[in-house]
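Observations on the model geometry
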Amino acid sequence: MLEKELNLEYFRKEGFKRYRCGKCGSYFWSVVPRDTCTESPCGEYRFLGEGMFNRKFEIEDMRNFFISFFKERGHTPIKRYPVVARWRDDVFLVNASIYDFQPHVTSGLVDPPANPLVISQPCIRMVDVDSVGKTGRHLTGFEMMAHHAFNYPDRRVYWKEETVAYAIELLEKLGVDREDIVLKEHPWFGGGNAGASFEVIVGGLELATLVFMNLRESPTGNIEIEGVKYEEMPIKIVDTGYGLERFVWVSKGTPTIYEAIYPDMLEKLMNLTGVVKDEKEERVLQLLAYHSPKIEVMGERNFMEFFIKEAGISREYYEKRIVPIQKLYALADFSRSLSFMLTDGIIPSNIQAGYLARLLIRRSLNILYSFGNPISLYELIEMHARRFSDIMDTSMLPIVREEIELEEERYRRTLERGKDIVKRLLKKKRKIDVDDLILLYDSHGLLPDIVKKVAEEQGVEIEIPENFHSLVARKHESAEKRKVKEKKEYPFPPTRTLYYEDPYMKNFTAKVVHVMGRELILDQTAFYPEGGGQPSDRGFVEWDGKRYMVQDVQKYNGVIVHYLDKEADIPTGADIRGEIDWDRRERLMRMHTAEHVLLAACRRVLGKHVWQHGTQKDVMESRFDIAHYRPLSREEVKAIEREAMRIITSCIDVDARFMDRREAEDRYGFVLYEGGVPPGKEIRVVRIDGYDVEACGGTHVRNTGEIGFLKILRTERIQDGVTRIVYSAGISALEKIQEIEDHALTSANLLNVSLDRLDEKVKSLIDERKVLAKELQREKEKRIEILAKEIMSRGSTKLVEIVDLEPKEMQMLMKILSGRMDEIVLIGRDGNIMVWSKEHRARDIAMKVAEAMEGKAGGRGDFAQGKGKREKVQDGFNIAKEVMGL
RNA sequence: GGGCCGGUAGAUCAGCUCGGAAGAUCGCCACGCUUGCAACGUGGAGGUCGCGGGUUCAAAUCCCGCCCGGUCCA
């Protein structure tokens, strides 16, 4: 299939021929005959040392060069998207430039921001995190330079021929000889799409991928790739990806990619840590980068043996001189990824993208700790942010600093607690086995090498299994269950939405489209269906003098279904009258607009990292969850309330209108998607000018002044990094406050104090109560002591006694007597049995007594308890006497 | 979203396997020793065993549900 797809006119014209790699078997195109595809490990890196471009580039120069090159060739440069994919609900982080245009542009629903376009999109890929630093080329963060063209049936931009021509021209302009370029054929698929692609290999390294996306997954498709069926798409998309950092590397020919892209930071880190990189280390590192693609063939362990021999070094030299340098490489990379993630508003936490940020933070901190903390992680992140200030938001730095400091503190605590756990475990078991290691990591976040270090301090040796991480992974293997909400389909045209045309419409008339039992469908309605966290309207419809209550309203693909309280025999085509429960709707509208105001207030008070995480509106109180890195203080809550009230009392118009998705995104950015990502080409945008703009399908008041009043009722941390704000608005808020006031006033009245003295009074009452309880306890003790004295004065060493005491009091008595006597049976008036025996027959006696009292008992030899029927107390007493020979 | 670990005195924890009188250390208070402090000695205060339900004669302990904290993985 590929051969036909990728046999281009361009190749014939320009002298490229198709060959097959003798090593990996893939097909490729080249202007000179070759035995292999040249991509390492089939070939070798040839750019190390001198570089292969006509000059050396820094990241910034390379990015500019690329963008200008395509701009000159008719492409529109567009701004990079955030690394956190706010416009998507299927992925957390942007992995490639095409992510920016999925799903709506690639599906054809929405136009691209420009066509053709050029972009340099920062991406985060966590899959390589373990290889970073070691191989000389892996990164968690990189910029994917790309030119994209979207070809529609009625508008062709460009396709394979032009794409390949651009790539070759770009490389030649950079000074690469055509003889050094290899285009490797490769089937491509991902994210439900597929197509043919070329990998562009220069000097043994893949510099770019040119994908020709023209297929999409379809159960009825006629093209099959790896068992999945695909069909041809109407849109054909040129999806390219040029690795910016790799271009810079190839231009410089440094031993590893890291020297090429972070020269300043690496120099600084070396100075601070005293790690030295001389010619010998340079040579070893370069050799390592050169050979590292072989890891994939040989496996890591075999590769290391091979490499140490090949480089002529000792393992000790490798550990002492090379590994520290590799750690610094990783640190430079991790901190750059973090500066992208955190300035783009990701909040470190234990869920979703936040977890990935925390992972990088902890790995970075580990490295810094191992060098004795020569510099703070924040300083490194700031250094990157300042260097890349043209594509990063440095105004986020104060928040980032606070987040990092909190995370450091948190990690320090986790480690400390972890060390205690290890020490305790050692005290108990004197050893730690594999199961313990897995538990310590999985449940307490302790990496095996930390455990090993602590154990060694305690003088215990620990073996860490080679396949540790796969053992952990095995523990997590479990079938994934996904709930899919059933979607109903109604074969009717979309219902006209009167509630959008006039959100203040209280009653209306409409024609009946369909009636089925209690389901009613109209041609138009003012009833708002449930959606966007706003519950549906209620009210009634009337026909022929009969009234049907509307209990629920739902929307299925544009068709609005009213659920009535009883079966309706209304004929199709009848004219009905509907009326909304206006008090309810008005409260909900105020709540909904108040929510937008609240978000604006939160962003102003807490910072722009605040992102809506979920909401639920209701009539009396509503929930509003935000992503924030720590719980809200009382002062912050008050400040948010003040800011929200300021927005309300400023009486700002609320504008709601349908807009083209592209236009809305261009004008307002991704903050639109705070409340979720709506489908469709047209989206409804609700805007409070100067404060908030969101894609939102709810009903809103015309002006913030109509909200009248907003009150936060309480806040709680529902998850790491997520805080819930429970609030109320309008009349509902007033009623809520009145409710609270009632409670306070009633309490104050009961205590006969004024409201402002309530807290004082309550505190003194609690203290008083404590004192009284203690006195009572002492009285009891006194009584029991007297009783004990009386009993002991009888002079016997054995005792059977019926006492009018509670179990706790019986225990107290027993405690005093047991020191002086040999055998005691106490029977409470309500049937409790308590036995103490010096001769260890308490259990036997208790059981016999209990049996006589038709109850049960048990316990130890010296002390036993039980319970029998209260009317059998005398029988128990007699038996006890008998057993004890009294 | 799923898995795992934890919640007992002001703090750190033991006790939970196998149900039977709530403990240790530090801190706190008082007294003693001392010119004073520290140390030491003696004594003391401090607990809804996260919450709710169940099983049982009996639950910190076993079972179920919830809440809170931590952690690993998508």
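Residues numbered from 1 in each chain as written. Chains lettered and ligands numbered in written order. Predicted model: local features only at pLDDT ≥ 70, side-chain atom pairs only at ≥ 80, totals over all residues. Heavy atoms only, no water.

What surrounds RNA strand B is a group of 35 residues, the closest being Gln-352, Tyr-355, Arg-362, Ser-443 and Arg-860. When atoms of RNA strand B within 4 Å of the protein are split into backbone and base, the sugar-phosphate part holds 58%. Contact distances for RNA strand B include 2.7 Å between a phosphate oxygen and a side-chain N or O atom of Arg-860. Of all the secondary-structure elements, those providing two or more residues to the surface near RNA strand B are helix H13 (352-370), helix H15 (397-429), helix H16 (434-444), helix H25 (807-818), strand S29 (856-859) and strand S30 (863-867). The class makeup of the residues in the surface near RNA strand B is nine nonpolar, 13 polar and 13 charged. (Near = heavy atom within 4 Å. Polar contact = N/O pair within 3.5 Å; in protein donor to acceptor, adjacent residues only side chain to side chain. Helix = DSSP H or I, 4+ residues; strand = E, 2+ residues; numbered from the N terminus. Nonpolar A, V, L, I, M, F, W, Y, C, P; charged D, E, K, R; others polar.)

Taken over all residues, the pLDDT of chain A has a mean of 89, while the share at 70 or more is 99%. This model gives residues 479-485 a pLDDT under 50, and the stretch forms zero contacts once residues within four places in sequence are excluded. The complex prediction reports pTM at 0.86, with the ipTM value standing at 0.85. (pLDDT = per-residue confidence, 0-100. Contact = heavy atoms within 4.5 Å.)

In total, this model carries 39 aromatic pairs according to the counting rule given. Summarising the aromatic geometry, the rings of Tyr-504 and Trp-582 are spaced 6.4 Å apart at their centres and angled 45° between planes, so their arrangement reads as tilted. Here Trp-582 lies in helix H20 (residues 582-606) and Tyr-504 lies in the loop between helix H19 (498-501) and strand S12 (507-516), a separation of 78 residues in the sequence. Residues Tyr-504 and Trp-582 agree in their burial class; the two are buried. For Arg-88, the ring lying beneath its charged end belongs to Tyr-99, and the centroid distance is 4.7 Å. Its guanidinium or amino end placed over the ring of Phe-371, Lys-327 lies 5.6 Å from that ring's centre, counting from NZ or CZ. (Phe/Tyr/Trp six-rings, centres within 6.5 Å; stacked < 30°, edge-to-face > 60°. Buried < 20%, exposed > 50% of the residue type's maximum accessible area, 1.4 Å probe, protein only. Lys NZ or Arg CZ within 6 Å of the ring centre and 35° of its normal.)

What follows concerns helix H17 (residues 448-457). Where H17 is concerned, the buried positions are Pro-448, Ile-450, Val-451, Val-454 and Ala-455. One face of H17 carries all of its buried residues, which in axial projection span an arc of 160°. Facing away from the buried side of H17, by more than 90 degrees, are the exposed residues Lys-453 and Glu-457. Here the buried face of H17 lies against H15, H16 and helix H18 (468-475). One or two residues past the end of H17 sits Gly-459, with phi positive at roughly 80°. (Arc of directions from axis to C-beta.)

Time to look at the nonpolar core. Val-164, Leu-183, Phe-198, Tyr-242 and Phe-247 are the most contacted members of the largest nonpolar core, which totals 175 residues. Per element, the largest residue contribution to this core is 14 residues, and it comes from helix H12 (residues 315-343). Setting aside anything within four residues of it in sequence, one finds Phe-198 in contact with Leu-6, Leu-8, Phe-11, Trp-29, Val-164, Leu-183, Lys-184, Glu-185, Ala-208, Thr-209, Leu-210 and Phe-212. Core analysis: the next-biggest nonpolar cluster, separate from the first, contains 57 residues, Met-505, Leu-564, Ile-626 and Ile-640 among them. (Core = buried A, V, L, I, M, F, W, Y, C linked by side-chain atoms within 4.5 Å.)

Structurally, the position occupied by Thr-254 is in the loop between helix H6 (244-252) and helix H7 (257-261). One polar contact links the side chain of Thr-254 to the main-chain amide nitrogen of Ala-260, over a distance of 3.5 Å. Discounting chain neighbours no more than four positions away, the residues touching Thr-254 are Leu-48, Trp-249, Glu-259 and Ala-260.

Closest axis-to-axis distance for the helix H3 (residues 59-72)/H6 pair is 9 Å, and the angle between their directions is 110°. Taken as axis vectors, H3 and H6 run roughly perpendicular relative to one another. In this structure, H3 meets H6 at a crossing whose hand is right-handed. Across the interface between the two elements, Ile-59, Met-62 and Arg-63 of H3 pack against Leu-244, Phe-247 and Val-248 of H6. A per-class count over the contact of H3 with H6 returns five nonpolar, no polar and one charged. (Axes fitted to C-alpha atoms, helices over the stretch in contact; angles between N-to-C directions. Parallel < 35°, antiparallel > 145°, perpendicular 65-115°, else oblique. Left-handed = near helix turned anticlockwise from the far one by under 90°.)

Moving on: the sheet that holds strand S19 (residues 611-616). Read from one edge of the open sheet, four strands run S19-S20-S25-S24, paired in antiparallel fashion. Two strands bound the open sheet, and with one partner strand each, they are S19 and strand S24 (710-719). Neighbouring strand axes in the sheet, compared pairwise and without regard to direction, differ in orientation by 25° on average. Examined bridge by bridge, S19 and strand S20 (residues 622-627) share five bridges and lie antiparallel to one another. In the strand pairing of S20, Gln-616 is matched with Arg-623. Most of the contacts of H20 go to strand S25 (residues 722-729), to which it runs at about 135°, and overall it touches S19, S20, S24 and S25. (Pairing = 2+ DSSP bridges.)

The subject of this paragraph is helix H9 (residues 279-291). In a regular helix each residue adds 1.5 Å, so 13 residues correspond to 18 Å; H9 covers 18 Å between its end C-alpha atoms and thus fits that length. Those residues of H9 not exposed but buried are Glu-281, Val-284, Leu-285, Leu-288, Ala-289 and His-291. Buried residues in H9 make contact with H6, helix H10 (295-298), helix H11 (300-311) and H12. (Expected span 1.5 Å × (residues − 1).)

Before going further, it helps to spend a moment on the pattern of salt bridges. In this structure the tally under the stated criterion is 69 salt bridges. Linking Arg-401 and Glu-405 is a salt bridge whose minimum nitrogen-to-oxygen distance equals 3.7 Å. On the criterion of helical spacing, the pair formed by Arg-401 and Glu-405 is a turn pair, its members being four residues apart in helix H15. The partner of Asp-575 in a salt bridge is Lys-511, with the nearest N and O atoms 3.0 Å apart. Placement of Asp-575 in strand S18 (residues 575-580) and of Lys-511 in strand S12 is noted, with a sequence separation of 64 residues between them. Put simply, Arg-358, Glu-407, Arg-410 and Asp-720 are held in one network by salt bridges that share partners. (Salt bridge = Lys/Arg side-chain N within 4 Å of Asp/Glu carboxyl O.)

Within the fold, Gly-730 resides in helix H23 (residues 730-751). With a relative accessible area of 9%, Gly-730 lands in the buried category. Considering only alpha carbons, one finds Gly-730 and Met-620, 110 residues apart in sequence, at a separation of 9.6 Å. With residues near it in sequence (within four places) discarded, Gly-730 still touches Arg-590, Ile-707 and Phe-709.

So, on to the state of the cysteines. Using the criterion set out here, one finds zero disulfides in the structure. Free of any disulfide, Cys-24 has its nearest cysteine sulfur in Cys-21, 3.5 Å distant. (Disulfide = S-S within 2.5 Å.)

Turning our attention to a negative patch on the surface. A cluster of like negative charges, contributed by Glu-456, Glu-457, Glu-461 and Glu-463, occupies part of the molecular surface. By secondary structure assignment, the location of Glu-463 is in the loop between H17 and H18. By relative accessible area, which is 69% here, Glu-463 ends up exposed. (Patch = residues over 30% accessible without salt bridge, like charges linked within 9 Å, V, L, I, M, F, W, Y side chains within 5 Å. Areas by Shrake-Rupley, 256 points an atom, 1.4 Å probe, with all protein chains shown as cover. Lys, Arg positive; Asp, Glu negative; His and termini not counted. Charge placed at Lys NZ, Arg CZ, Asp CG, Glu CD.)

So, on to the sheet that holds strand S22 (residues 682-688). Taken together, three strands build an open sheet; the order of strands is S21-S22-S23 and the sheet is antiparallel. One side of each edge strand has no neighbouring strand; the edge strands of this open sheet are strand S21 (654-660) and strand S23 (692-695). Neighbour-to-neighbour, the strand axes of this sheet turn through a mean angle of 25°, independent of strand direction. The sheet strands contacting H20 are S21, S22 and S23, and the helix crosses S23 at an angle near 125°.

Before going further, it helps to spend a moment on the pairing of strand S13 (residues 519-522). By the alternation rule, side chains of S13 split into Glu-519 and Ile-521 and Leu-520 and Leu-522, which are all buried. Alignment of S12 against S13, held across four bridges, turns out to be antiparallel. Bridge pairing in S13 links Val-515 to Leu-520. Two successive antiparallel strands, S12 and S13, enclose a turn made up of two residues, where Gly-517 displays a positive phi of approximately 60°. Bridge count for S13 against strand S17 (residues 559-564) is three bridges, and the pairing is antiparallel. Its bridge partner lying in S17, Glu-519 is registered against Tyr-563.

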